[in-house]
Amino acid sequence: MKIDMQTDHPTINATDLAEFLNLTPGDVHNRMRDAQITNRPEIGKGKDVEKMRLHLFHQDIRLRLTCFSDGTMLKTSRTKTGAR
């Protein structure tokens, strides 16, 4: 899996994201459009300047994807956060 970093907004394939959120790719598209899946990018600074994190939120799940600035995935973390 890789995050596309070619635009101002990081992009991840809906099929890859669906797997993490236990959804179908169509559900991912619909829920992102309806703001039921939200995200927050975090760009690394200092010693982490070559890295970035993408936090995605859906219902009670927080998904954190850590990658190099070229989009190559380093680590993933999926956490139940409770109702939002």
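Here, every reference points to the structure presented above.
The residue count restarts for each chain, going from 1 along the sequence in the order it is written. At least 70 in pLDDT is required for a residue's local features to be given in this predicted model, at least 80 for side-chain atom pairs to be given and counted, and no such filter applies to totals for whole chains, interfaces and linings, which use all residues. Computation of side-chain values covers all heavy atoms of the structure but excludes hydrogens and water.

## Quick word on the overall build of the protein
1) Next: Helix and strand definitions follow DSSP, with helices as H or I runs of at least four residues and strands as E runs of at least two, each counted in order from the N terminus. Across its full length, the protein holds two helices and four strands.
2) Next: Listing every helix and strand of the protein by position from the N terminus yields α-α-β-β-β-β.
3) Next: Throughout, radius of gyration means the C-alpha value; the globule benchmark is 2.2 Å times the number of residues raised to the power 0.38. Compactness check: the protein gives a C-alpha radius of gyration of 13 Å against a globular reference of 12 Å for 84 residues, within 12% of the reference.
4) Next: Overall, the protein is about 35 × 25 × 20 Å in size when its C-alpha atoms are taken along their principal axes.

## A few points about the pattern of salt bridges
1) Next: Within this document, salt bridges are pairs made up of a side-chain nitrogen of Lys or Arg and a carboxyl oxygen of Asp or Glu, the two lying within 4 Å of each other. Throughout the structure, instances matching the rule amount to four salt bridges.
2) Next: In this structure, R53 engages E42 in a salt bridge whose closest nitrogen and oxygen atoms are separated by 3.3 Å. Within this pair, whereas R53 is found in strand 2 (residues 51–58), its partner E42 is found in strand 1 (residues 37–43), the two being separated by eleven residues in sequence.
3) Next: Accessibility here uses a 1.4 Å probe with only protein chains present; expressed as a share of the type maximum, an area under 20% marks a residue as buried, one over 50% as exposed, and anything in between as partly exposed. Here R53 falls in the partly exposed class, since its relative accessible area comes to 33%.
4) Next: In this structure E42 comes out as partly exposed when scored by relative accessible area, which is 32%.
5) Next: Note that D48 and K51 form a salt bridge whose closest N and O atoms lie 3.9 Å from each other.
6) Next: Of the residues examined, D48 reaches a relative accessible area of 28% and is grouped as partly exposed.
7) Next: Residue K51 is classed as partly exposed on the basis of its relative accessible area of 32%.

## As for the nonpolar core
1) Next: Of all hydrophobic cores here, the largest spans 17 residues; its most connected members are I3, L17, L21, V28, I37, L56 and L65.
2) Next: Broken down by secondary-structure element, the contributors of at least two residues to this core are helix 1 (14–21), strand 2 and strand 3 (61–68).
3) Next: What makes two residues a contact is simply this: any of their non-hydrogen atoms within 4.5 Å. If sequence neighbours within four positions are ignored, L65 has contacts with M1, I3, I12, F20, M52, R53, L54, L56, M73, K75 and T76. Working definition of a nonpolar core: buried Ala, Val, Leu, Ile, Met, Phe, Trp, Tyr and Cys residues. They are joined through side-chain atoms within 4.5 Å.

## Comments concerning helix 1
An α-helical turn contains 3.6 residues, so any two residues separated by three or four positions project in the same direction.
1) Next: What helix 1 keeps buried is the set A14, L17, A18 and L21. The buried residues of helix 1 occupy an angular sector of 105° when projected down its axis, which confines them to one face.
2) Next: Looking at the buried residues of helix 1, the elements they touch are helix 2 (25–33), strand 1, strand 2 and strand 3.
3) Next: Pairs of N or O atoms are called polar contacts if they sit within 3.5 Å, as long as, within protein, a hydrogen donor faces a hydrogen acceptor (for residues adjacent in sequence, only side-chain-to-side-chain pairs). Taking the backbone nitrogen of T15 as reference, a side-chain oxygen 2.7 Å away marks N13 as the first, capping residue of helix 1. Working definition: the arc comes from the directions between the helix axis and the C-beta atoms, pointing outward to the latter.

## Here's the deal with the environment of N39
1) Next: Structurally, N39 is set in strand 1.
2) Next: Relative accessible area serves as the criterion here: at 40%, N39 is assigned to the partly exposed category.
3) Next: Along the sequence, N39 and R62 sit 23 residues apart, while their C-alpha atoms lie 9.4 Å from each other.
4) Next: Sequence-distant contacts of N39, defined by excluding residues within four places in its chain, comprise M32, L54, H55 and L56.

Interpretation in functional terms is not warranted from these geometric data alone.
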